[in-house]
Amino acid sequence: WAVTPEELRPWKKAEMDYLKTVCDTIRQNDPQHRPIYLYNPNHRDAQTLAPIARQVDVVAKGAYVNSTDHQNERAWVRWSVEQEIEAIRAAGRTNAIPLLNPELCKDPAPSEDEKIRAWVRHDVYLGLVSGAKGVLIWSLYPREEVRRTWRLWYDAYAECGRELNGPRGLAQVFLFGERRSDLKIRQAEGESVVPITLGGKVEAGTTSVAERAPRKIMVPAWTSAEYAYGDSRWLFLINSANTPGRFVISGWPPDSRAKNAFTGVAIPLPEAGKLPVNLAACGVYAVCFSNNNASQ
């Protein structure tokens, strides 16, 4: 269920009463108990998302990176998902679902067309690694504003979709894998933190003065997550900086083999026990470690 109008304002009692009435009515009348979703504007934070998270089952805010002037601050995706997760925690909704809401709605400058695939892959996998349990894109319709580059965006999202829901089945890792921290990652070169700007004029009619207030914070420039799923360990590493980074992975068991989690291609593991990884700006890396005695 998608509640309309979208972008209800938490500081407006009448709008929160309306949201509660809608959600209560759906739950009382839907025998299938389907989840309820409300779109929230890009500048919502955990504090203003929490009252909404108390009512809905799917918690999501816009993460329209390019449209909100975060084109060169893509770590804002991590901040966005973290706001959803914190709002769910604050609302006590342990079964609520955080989603990533990325964009397919705007042509960049022609000189940046070649960056679209990297942008999409960065945003999708950073959102999932940060805790999102799904991806809801705005939108697949070939809008006039994105007509020139729609196919580039679509193909990049479709590529991620095949990796997640095709034979590789990476969605199962994100949904059902157990978080672990046995593998070690050391950053050898690159930026460790980057600034992002919060606030802005997008969706001004449904955001508060405080939400729109510009302010800068520092956030991690790279993000990693390790999952135990099946008989394997899956490691995802995302570089959100605008410059390359170099990393070293270690800590896998001595009887392990490795493969690229996106392609299935084998990765030779150095005898020294340290696997170097070079990531371009907005680069994404994923490796699967398995026991040599496990089934192929």
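Please read all numbers here as calculations on a predicted model, not as lab measurements. (Residues numbered from 1 in each chain as written. Predicted model: local features only at pLDDT ≥ 70, side-chain atom pairs only at ≥ 80, totals over all residues. Heavy atoms only, no water.)

> If you had to explain the overall build of the chain to someone new, which residues and values would you point to?
When helices and strands are tallied, the chain shows seven helices and 13 strands. Whereas a compact globule of 296 residues would reach a radius of gyration of roughly 19 Å, the chain reaches 20 Å, a difference of no more than 12%. Judged by the C-alpha coordinates and their principal axes, the chain covers about 65 × 45 × 35 Å. Split into buried and exposed, the 296 residues of the chain put 51% on the buried side. Contacts spanning at least 24 positions in sequence make up 73% of the contacts within the chain whose residues lie at least 6 apart. The centroid of the 37 positive side-chain charges in the chain is displaced by 2 Å from the centroid of its 34 negative side-chain charges. (Helix = DSSP H or I, 4+ residues; strand = E, 2+ residues; numbered from the N terminus. Rg over C-alpha atoms; globule rule 2.2 N^0.38 Å. Buried < 20%, exposed > 50% of the residue type's maximum accessible area, 1.4 Å probe, protein only. Contact = heavy atoms within 4.5 Å. Lys, Arg positive; Asp, Glu negative; His and termini not counted. Charge placed at Lys NZ, Arg CZ, Asp CG, Glu CD.)

> Give a description of the packing of helix H3 (residues 76-91) against helix H4 (residues 116-129) that names residues and reports values.
The interhelical angle for the contact between H3 and H4, taken along N-to-C directions, is 35 degrees, at an axis separation of 9 Å. Pair H3 / H4 crosses with right-handed handedness. On H4, the residues that touch Val77, Arg78 and Val81 of H3 are Asp123, Leu126 and Gly127. Looking at the contact of H3 with H4, its residues break down into three nonpolar, one polar and two charged. (Axes fitted to C-alpha atoms, helices over the stretch in contact; angles between N-to-C directions. Left-handed = near helix turned anticlockwise from the far one by under 90°. Nonpolar A, V, L, I, M, F, W, Y, C, P; charged D, E, K, R; others polar.)

> Now, about the nonpolar core: what can you tell me, with residues and values included?
Tyr125 and Phe236 are the most contacted members of the largest nonpolar core, which has 46 residues in total. Elements with a contribution of two residues or more to this core: H3, H4, helix H5 (150-165), helix H6 (170-176), strand S6 (193-198), strand S8 (222-229), strand S9 (232-239) and strand S13 (284-291). Among the elements that line this core, the one with the most residues is H4, at eight residues. The next biggest cluster of nonpolar side chains, apart from the first, holds 18 residues, and it includes Leu19, Val56, Val59 and Ile88. (Core = buried A, V, L, I, M, F, W, Y, C linked by side-chain atoms within 4.5 Å.)

> Explain the sheet that holds strand S1 (residues 37-40) to me, and be specific about the residues and the numbers.
Strands pair in a sheet through their backbones, by hydrogen bonds, and they do so in one of two ways: parallel or antiparallel. Strand order in the open sheet made by the three strands is S1-S2-S3, with parallel pairing throughout. The open sheet is flanked by S1 and strand S3 (97-98), the only strands paired with a single partner. The pairing of S1 with strand S2 (residues 58-61) spans four bridges and is parallel. In the strand pairing of S2, Leu38 is matched with Val59. Of the strands in this sheet, S2 and S3 are in contact with H3, which crosses S2 at around 145 degrees. (Pairing = 2+ DSSP bridges.)

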